[in-house]
Amino acid sequence: MDELVVPGYFFGGCALAFLLLWTAAWAERRSAVLAAVFHVLSGITVSLATLYWFSASLTVPPLAWYGVPLVVAALLAWRGWRSQHWAKRVDSSGEPSFGFLPRQGLAVPRDHPDPWPSRATVEFTHHGHRLLGIEYSTESPYRDENFRRKSKLAEALGSICSVVELRVPNVPALTISPKIKAFAPGHFTPLEDMRITRNQFSWLRPDTTLHEFETDPEFDRRFSVYTSDPEFAREMLTGEVRELLLNDRFFRVHQVAFREDAIWTTDTGGLTEDRMFDNSRKLAMLAAAVPSAIWEKWANDRQFRSVATSADTAYDAWIGKRGGFVRTPLNHRRDARDRQPVTSVSLTARTLIALAMIIIGAAPAGNSIAVLTRLAPQVQVTVTRVSEGGTRHCVTTSGGMSCTADRAEIDGTYEQDGSTREITADWNKSELPAPGTVVEVAVGPFWGHPGYQVGSAFSAVDLLGSLIWLVPGLLLLKRTYLPSVPRRVKKRRETLAKV
């Protein structure tokens with residue numbers, strides 16, 4: 001029964017945290033203070049549930065029980081304040097003066113009588129470009145009650161979306177959408193395919209008739225193109241534009257659309273400062289790649305090309321120091337190595353998960369290595385209790401029942417630094433000593449200080465077990481802070497260098 005209590009409280013705590021998070025989303029439109037309170041309570045609940053889970057198998061320091069929840073609450077409060085005030089720092093007008101609004105998966109004109117309600121709107125000028133960002137959800141007030149209940153559930157599950165738009169001269173409609181499994185069978189890209197699929201849920205298509213357009217086999221294998229005017233698509237998709245779309249990591253996972261006075265792209269998720277500036281930078285790069293003849297012929301505008309080409313879209317110039325002293329150089333490095341940028345939440349989550357895995361695996365690995373290399377101290381232990389082990393513990397998995405059995409072990413005491421200490425050590429079942437016997441035990445020098453029978457193989461087994469935590473944690477840190485260039489990108493760069 002006790003084995004069921006810990007998972008029950010843990011999953012119950014997560015369910016309560018989800019309920020508090022749902023309530024916070026509901027309260028956002030009514031009171032920013034109330035929403036912040038529920039966000040903080042949700043973070044504290046997750047922290048306490050996780051600490052309770054760890055306490056079932058580890059000794060959790062008393063400081064962690066109130067220190068970790070306070071840190072999580074402070075991070076959530078800071079993030080909430082930052083997300084609510086970043087728009088004011090960029091001198092936002094608050095109301096769109098160009099572009100399109102979301103409605104039922106379509107981008108509709110600003111004078112449309114029935115757009116979806118926006119959660120947040122920001123518009124400002126940056127490096128000569130006029131930018132617009134809108135955060136919205138799929139909930140609409142113009143629905144029957146049954147639909148509204150379902151849409152509230154969908155919103156609670158994460159159907160908050162955002163669109164970033166860049167003002168351009170009036171042009172016909174054109175959409176460019178990446179395809180999943182576009183690199184198969186040569187490359188397997190499940191994470192990129194997941195991002196493409198996820199962003200498709202928020203994708204806003206122009207509310208006009210579009211026809212499929214094909215350009216060349218390689219490009220058509222990677223992207224789907226639809227347009228209201230095939231001649232415009234043919235002239236716009238030059239070799240330079242196709243090269244940008246094919247090789248830039250952003251366009252591999254994001255849909256892009258042109259129509260009238262805006263280029264836009266969408267994301268599943270809220271409109272954050274990172275998303276606003278990262279996405280608008282890529283749109284500005286695309287606008288700069290479009291030939292000047294396009295703007296002159298289709299919009300009778302000879303000035304926009306100079307605006308687009310003079311805008312400094314280099315990472316440091318466009319993004320600035322908004323990521324702070326850690327994320328700014330990190331995202332610059334990731335951008336140069338063709339990796340997606342990380343947000344503050346993503347970076348914090350990755351770092352905490354990686355450090356937790358390393359901490360869980362580092363001490364057991366260090367203890368096992370010390371025992372294997374005979375660097376661990378060996379003490380004389382008086383046996384007080386003997387256990388033959390063998391108790392089976394079974395869990396149900398997708399492959400059936402998975403069972404493990406307890407090892408044989410001894411409990412004993414030994415003298416160190418003038419005090420008597422207790423220890424538990426794994427032991428070979430066939431060599432179990434009798435109570436009262438004095439045996440030699442190797443003591444791990446690091447936290448936990450486990451005991452091992454001298455010469456047994458248990459330390460080697462525990463070393464392999466600790467690597468299950470240690471190696472993924474180190475790999476996660478490396479992929480986050482020191483990512484390598486993807487293999488297909490490296491091959492492309494090598495090919496271009498030879499030309």
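Check the entry above for the structure.
Keep in mind that what you see is a predicted model, and the values were worked out from it rather than measured.

Describing the overall build of the protein chain
Part 1 of the reasoning: Of regular secondary structure, the protein chain possesses 16 helices and 16 strands.
Part 2 of the reasoning: Each of the 499 residues in the protein chain was classed as buried or not, and the buried ones make up 41%.
Part 3 of the reasoning: Relative to all contacts within the protein chain whose residues are 6 or more apart in sequence, the contacts with residues 24 or more apart total 69%.
Part 4 of the reasoning: For the protein chain, the computed accessible surface area is about 26,300 Å², with 60% contributed by carbon and sulfur atoms.

Topic: the packing of helix 13 (residues 324–336) against helix 15 (residues 458–481)
Part 1 of the reasoning: In contact at an axis separation of 9 Å, helix 13 and helix 15 are set at 85 degrees when each is read in the N-to-C sense. The orientation of helix 13 relative to helix 15 falls into the category roughly perpendicular. Of helix 15, the residues touching helix 13 (which contributes Leu330, Arg333 and Arg334) are Arg479, Thr480 and Tyr481.
Part 2 of the reasoning: Of the residues contributing to the contact of helix 13 with helix 15, the split by class is 2 nonpolar, 1 polar and 3 charged.

Re the sheet that holds strand 15 (residues 438–443)
Part 1 of the reasoning: Spatial ordering of the closed barrel is given by 10-13-14-16-15, a layout of 5 strands whose pairing is mixed. Going from strand to strand, the sheet's axes swing by 50 degrees on average, the running direction of each strand aside.

Remarks on the environment of Met236
Part 1 of the reasoning: Within the secondary structure, Met236 sits in helix 7 (residues 230–236).
Part 2 of the reasoning: Linking Met236 and Trp295, residues 59 residues apart in sequence, is a C-alpha distance of 9.7 Å.
Part 3 of the reasoning: Those residues in contact with Met236, other than ones at most four positions away along the chain, are Leu174, Ile176, Val241, Phe258, Val290, Pro291 and Ile294.

Comments concerning helix 13
Part 1 of the reasoning: Across its 13 residues, helix 13 extends 18 Å between first and last C-alpha, which sits within 8% of the 18 Å expected from 1.5 Å per residue.
Part 2 of the reasoning: Looking one or two places after helix 13, you find Asp338, whose phi comes out positive at around 60 degrees.

Quick look at unusual backbone geometry
Part 1 of the reasoning: The backbone phi angle of Gln104 is positive, close to 50 degrees, even though this residue is not glycine.
Part 2 of the reasoning: Mapping Gln104 onto the fold places it in the loop between strand 1 (100–103) and strand 2 (106–109).
Part 3 of the reasoning: In this structure Gln104 comes out as partly exposed when scored by relative accessible area, which is 37%.
Part 4 of the reasoning: Not every positive phi belongs to a glycine, and Glu260 is a case in point at roughly 50 degrees.
Part 5 of the reasoning: Examined against the element boundaries, Glu260 turns out to sit in strand 9 (residues 256–268).
Part 6 of the reasoning: The exposure class assigned to Glu260 is partly exposed, which follows from its relative accessible area of 33%.

Here's the deal with the nonpolar core
Part 1 of the reasoning: In terms of nonpolar packing, the biggest core is built from 47 residues, with Leu166, Met236, Leu237, Leu245, Phe258 and Met276 touching the most fellow members.
Part 2 of the reasoning: In terms of residue count, helix 9 (residues 273–289) provides more of this core than any other element does, 8 residues in total.
Part 3 of the reasoning: With sequence-adjacent residues up to four places away left out, Leu245 is seen in contact with Ile176, Phe219, Phe223, Leu237, Phe251 and Leu286.
Part 4 of the reasoning: Formed by 16 residues, the second largest nonpolar core is a distinct cluster that contains Phe100, Leu101, Leu132 and Tyr136.

Re a nonpolar patch on the surface
Part 1 of the reasoning: A grouping of Leu464, Leu467, Val471 and Leu475 is seen on the molecular surface, where their side chains present a nonpolar patch of about 350 Å² in accessible area.
Part 2 of the reasoning: Along the chain, the position of Leu475 falls in helix 15.

Some points on the side chain of Ser162
Part 1 of the reasoning: With respect to the helices and strands, the residue Ser162 is situated in strand 5 (residues 160–178).
Part 2 of the reasoning: For Ser162, a relative accessible area of 1% translates into the label buried.
Part 3 of the reasoning: Only 3.2 Å separates the side chain of Ser162 from the backbone oxygen of Gly269, close enough to count as a polar contact.
Part 4 of the reasoning: With residues up to four places along the chain from it excluded, the contact list for Ser162 reads Ile134, Glu135, Tyr136, Thr265, Thr266, Asp267, Gly269, Gly270, Leu271 and Arg275.

Notes on the packing of aromatic side chains
Here a ring pair, both rings aromatic, is described through the centre-centre distance and the interplanar angle of the planes.
Part 1 of the reasoning: According to the stated counting rule, one finds 7 aromatic pairs in the structure shown.
Part 2 of the reasoning: With a centroid separation of 5.0 Å and 75 degrees between ring planes, the pair formed by Trp295 and Phe304 is classed as edge-to-face. Assigned by exposure class, Trp295 and Phe304 land together as buried.
Part 3 of the reasoning: Here Arg167 stacks its cationic end above the ring of Phe98, 5.6 Å away from the centre of that ring.

Remarks on the sheet that holds strand 2
Part 1 of the reasoning: Taken in spatial order, the 3 strands line up as 1-2-6 in an open sheet, and their pairing is mixed. Each having just a single partner strand, strand 1 and strand 6 (205–206) make up the two edges of the open sheet.
Part 2 of the reasoning: Bridge count for strand 1 against strand 2 is 4 bridges, and the pairing is antiparallel. When the bridges of strand 2 are listed, Leu101 appears paired with Val108.

Let's talk about the environment of Leu166
Part 1 of the reasoning: As for its position among the elements, Leu166 is in strand 5.
Part 2 of the reasoning: The exposure class assigned to Leu166 is buried, which follows from its relative accessible area of 0%.
Part 3 of the reasoning: Put simply, Leu166 and Gly99 are 67 residues apart on the chain and 7.8 Å apart in space, counted from C-alpha to C-alpha.
Part 4 of the reasoning: Look past the residues within four positions of Leu166 in its chain and what remains in contact with it is Phe98, His129, Arg130, Leu131, Asp261, Ala262, Ile263, Ser280, Leu283, Ala284, Ala287 and Phe304.

Considering the environment of Pro433
Part 1 of the reasoning: In this structure, Pro433 sits in the loop between strand 14 (419–426) and strand 15.
Part 2 of the reasoning: Linking Pro433 and Val383, residues 50 residues apart in sequence, is a C-alpha distance of 7.6 Å.
Part 3 of the reasoning: Excluding anything up to four places from it in sequence, Pro433 contacts Val383, Val386, Ile410, Trp427 and Val439.

What to know about the packing of helix 8 (residues 239–247) against helix 9
To describe two helices that pack against each other, one gives the angle between their axes and the distance between the axes.
Part 1 of the reasoning: Two numbers describe how helix 8 lies on helix 9: the axes approach to 9 Å, and their chain directions differ by 160 degrees. Classified by the angle between their axes, helix 8 and helix 9 sit roughly antiparallel to one another. Seen from helix 8, the contacting residues are Glu240, Val241, Leu244 and Leu245; seen from helix 9, they are Met285, Leu286 and Ala289.
Part 2 of the reasoning: Its residues placed into classes, the contact of helix 8 with helix 9 shows 6 nonpolar, no polar and 1 charged.

Quick notes on the rules
Residues numbered from 1 in each chain as written. Predicted model: local features only at pLDDT ≥ 70, side-chain atom pairs only at ≥ 80, totals over all residues. Heavy atoms only, no water. Helix = DSSP H or I, 4+ residues; strand = E, 2+ residues; numbered from the N terminus. Buried < 20%, exposed > 50% of the residue type's maximum accessible area, 1.4 Å probe, protein only. Contact = heavy atoms within 4.5 Å. Areas by Shrake-Rupley, 256 points an atom, 1.4 Å probe, with all protein chains shown as cover. Axes fitted to C-alpha atoms, helices over the stretch in contact; angles between N-to-C directions. Parallel < 35°, antiparallel > 145°, perpendicular 65-115°, else oblique. Nonpolar A, V, L, I, M, F, W, Y, C, P; charged D, E, K, R; others polar. Pairing = 2+ DSSP bridges. Expected span 1.5 Å × (residues − 1). Core = buried A, V, L, I, M, F, W, Y, C linked by side-chain atoms within 4.5 Å. Patch = residues over 30% accessible without salt bridge, like charges linked within 9 Å, V, L, I, M, F, W, Y side chains within 5 Å. Salt bridge = Lys/Arg side-chain N within 4 Å of Asp/Glu carboxyl O. Polar contact = N/O pair within 3.5 Å; in protein donor to acceptor, adjacent residues only side chain to side chain. Phe/Tyr/Trp six-rings, centres within 6.5 Å; stacked < 30°, edge-to-face > 60°. Lys NZ or Arg CZ within 6 Å of the ring centre and 35° of its normal.

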